[in-house]
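# Working through the structure, step by step
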Amino acid sequence: QVQLVESGGGLVQPGGSLRLSCAASGFTFSTYRMSWYRQAPGKERELVAAITSAGGSTNYADSVKGRFTISRDNAKNTVYLQMNSLKPEDTAVYYCNADRRWSVVYNYWGQGTQVTVSS
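Reading the values: the criteria
- Residue indices follow the written sequence of each chain, beginning from 1 at its first position.
- For a predicted model such as this one, the threshold for reporting local features is a pLDDT of at least 70, and the threshold for listing and counting side-chain atom pairs is 80 or more; totals across whole chains, interfaces and linings nevertheless cover every residue.
- Excluded from the side-chain calculation are hydrogens and water; included are all heavy atoms of the structure.
- Strands are runs of DSSP state E lasting at least 2 residues, helices are runs of H or I lasting at least 4, and numbering of each runs from the N terminus.
- To get the radius of gyration, use the C-alpha atoms; to get the globule rule, take the number of residues to the power 0.38 and multiply by 2.2 Å.
- Burial here depends on accessible area, computed with a 1.4 Å probe over protein chains only, as a share of the maximum for the residue type. Under 20% is buried, over 50% is exposed, and the range in between is partly exposed.
- Note on contacts: a residue pair qualifies if any of its non-hydrogen atoms lie within 4.5 Å across the two residues.
- Only the protein chains shown count as cover for residues, and the accessible areas themselves come from Shrake-Rupley with a 1.4 Å probe.
- We define a polar contact as two N or O atoms separated by no more than 3.5 Å, with the added condition that, inside protein, one atom must be a possible hydrogen donor and the other a possible acceptor, whereas residues neighbouring each other in sequence contribute only through side-chain atom pairs.
- Basic side-chain nitrogens of Lys or Arg form a salt bridge, by our definition, when they fall within 4 Å of a carboxyl oxygen of Asp or Glu.
- We treat two strands as partners when DSSP finds at least two bridges between them.
- Every angle, taken between N-to-C directions, lies between 0 and 180 degrees, and every axis is a line fitted to C-alpha atoms, over only the stretch in contact when it is a helix.

Moving on to the overall build of the chain. When you go through the chain residue by residue, the secondary structure sums to zero helices and eleven strands. Helices and strands appear in the chain in the N-to-C order β-β-β-β-β-β-β-β-β-β-β. Computed over its C-alpha atoms, the radius of gyration of the chain comes to 14 Å, within 12% of the 14 Å expected for a compact globule of 119 residues. Principal axes of the C-alpha set define a box for the chain whose edges measure 45 × 25 × 25 Å. The buried share of the chain, reckoned over its 119 residues, is 41%. Relative to all contacts within the chain whose residues are 6 or more apart in sequence, the contacts with residues 24 or more apart total 53%. In the structure as shown, the chain presents an accessible area of about 6200 Å², 46% of it carried by carbon and sulfur atoms.

So, on to the environment of Arg33. Relative to the helices and strands, Arg33 is located in strand S4 (residues 33-39). Arg33 gets classed as partly exposed once you look at its relative accessible area, which sits at 30%. Along the chain, Arg33 and Asp99 lie 66 residues apart, while their C-alpha atoms are 5.2 Å from each other. At a separation of 3.3 Å, a polar atom in the side chain of Arg33 contacts the side chain of Ser35.

For the rest of this paragraph, the subject is the pattern of salt bridges. This structure, assessed with the given rule, holds five salt bridges. A salt bridge links Arg38 to Asp90, with the nearest nitrogen and oxygen atoms 2.9 Å apart. Here Arg38, found in strand S4, pairs with Asp90, found in the loop between strand S8 (78-83) and strand S9 (92-101); they are 52 residues apart in sequence, far enough to count as distant. In this structure Arg38 comes out as buried when scored by relative accessible area, which is 6%. The residue Asp62 makes a salt bridge to Lys65 at a minimum N-O spacing of 3.1 Å. In the salt-bridge network here, residues are joined through shared partners; they are Arg38, Glu46, Arg67 and Asp90.

Moving on, we get to the side chain of Thr78. With respect to the helices and strands, the residue Thr78 is situated in strand S8. Accessibility expressed as a relative area gives 9% for Thr78, which makes it buried. Leaving out residues up to four positions away in the same chain, Thr78 has contacts with Ser21, Cys22, Ala23, Phe29, Arg72 and Asp73.

Sheet topology note: the S9/strand S10 (residues 105-109) ladder contains five bridges and is antiparallel. Counted as the bridge partner of Asp99 is Asn107 from S10. In this antiparallel pair of consecutive strands, S9 and S10, the connection spans three residues.

Next up on the list: the sheet that holds strand S1 (residues 3-7). Here four strands make up an open sheet; going across it, the order is S1-S3-S8-S7 and the pairing antiparallel. With one partner strand each, in any of the chains shown, S1 and strand S7 (68-73) form the two edges of the open sheet. Between one strand axis and the next, the sheet turns by 15 degrees as a mean value, whatever way the strands run. Here strand S3 (residues 18-25) runs beside S8; their pairing, made up of six bridges, is antiparallel. In the sheet register, Leu20 faces S8, and the bridge partner there is Leu81.

So yeah, pure geometry; function would need other evidence.
Structure follows, in structure tokens:
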């Protein structure tokens, strides 16, 4: 049974930090590209950050470059999102995504974790 379980969300003041975690199970984590997406109320879901299966390459949305860092630990089947210098506009539900596109495409989503940046 495939599971992606996000944790680490919460309420934080502007300028603060949070670290999100996504624990994966039920599939071969080390062969999947992992990403974090977010969706704010009334907006479409958007890609925040992604990391390749071995962790050798990352990419970020322009809005979070220099503030957020994605990383992964394949031994622990976990992907992280370190978020620093948080802004109110970072408020959203953050989702973990696993994607593998070989001969068959596999794509999985977590349930999401709420991040609220407010004073």
